[in-house]
Amino acid sequence: MPRILIVEDNDLNRDMLSRRLLKRGYQVDCAVNGAEGLSMASTTRPDLILLDMSLPVIDGWETAARLKGDPDTAIIPVIALTAHAMVPDRERALAAGCDDYDTKPVDLPRLLGKMAALLGYPAPGPQSGDAA
Ligand code: MN
């Protein structure tokens, strides 16, 4: 199964998303800020990155730009996650190099669909606990 890097500073959000992806068979690594995310992207070589935009140390916008500016990580698909459901945020995420965008709180089936599209991998089927 694909290896996913979650970059999220909020403990609850990170733990919940991590648990739900693990339950579906994904391999999951977690980073708690942009600097750690950049470092882990280089060392763990994830198949896809879920990137919170509001992050300490290095924010998500800068993290995305650096990921896409580094030949070693540029090909890794990045899905930006932000609590702001505003169009300018979506455009800003795509301009920073993110491949897709979704809003928090996470709608898991929708996010899995976007992940599958970027991974070229079928989305795992529904499971109990999706509404949690
Ligand atoms: Mn955050």
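Conventions and cut-offs
- Residues numbered from 1 in each chain as written.
- Predicted model: local features only at pLDDT ≥ 70, side-chain atom pairs only at ≥ 80, totals over all residues.
- Heavy atoms only, no water.
- Helix = DSSP H or I, 4+ residues; strand = E, 2+ residues; numbered from the N terminus.
- Rg over C-alpha atoms; globule rule 2.2 N^0.38 Å.
- Donors = N, O, S within 2.8 Å, 3.2 Å for Na, K, Ca; no water.
- Pairing = 2+ DSSP bridges.
- Axes fitted to C-alpha atoms, helices over the stretch in contact; angles between N-to-C directions.
- Contact = heavy atoms within 4.5 Å.
- Phe/Tyr/Trp six-rings, centres within 6.5 Å; stacked < 30°, edge-to-face > 60°.
- Lys NZ or Arg CZ within 6 Å of the ring centre and 35° of its normal.

(A) Focus on the overall build of the protein chain. Each helix and strand counted, the protein chain has five helices and five strands in total. Beginning at the N terminus, the succession of helices and strands in the protein chain can be written as β-α-β-α-β-α-β-α-β-α. Taking 14 Å as the expected radius of gyration for a compact globule of 132 residues, we find that the protein chain reaches 13 Å, a close match to that expectation. The principal-axis extent of the C-alpha atoms belonging to the protein chain is close to 40 × 30 × 25 Å.

(B) Layout of the coordination of the manganese ion. The protein atoms that coordinate the manganese ion are Asp 9 (OD), Asp 52 (OD) and Ser 54 (O), at distances of 2.0 to 2.1 Å. All donor residues of the manganese ion come from one chain, and their arrangement in sequence is D-x42-D-x1-S. Of this pair, Asp 9 sits in the loop between strand S1 (3–7) and helix H1 (11–23) while Asp 52 sits in strand S3 (residues 48–52), and the two are 43 residues apart along the sequence.

(C) A look at the sheet that holds S1. On the basis of which strands lie adjacent, the open sheet formed by five strands has the order S2-S1-S3-S4-S5 and parallel pairing. The open sheet is flanked by strand S2 (27–31) and strand S5 (100–103), the only strands paired with a single partner. Between one strand axis and the next, the sheet turns by 20° as a mean value, whatever way the strands run. Sitting on the sheet, helix H3 (residues 60–69) touches S3 and strand S4 (78–82), and the angle it makes with S3 is about 155°.

(D) Seen up close, the packing of aromatic side chains. Under the definition given, this model contains zero aromatic pairs. Directly above the ring of Trp 61 sits Arg 92, whose terminal nitrogen or CZ lies 4.0 Å from the centroid.

All we've got here are geometric facts, nothing functional implied.
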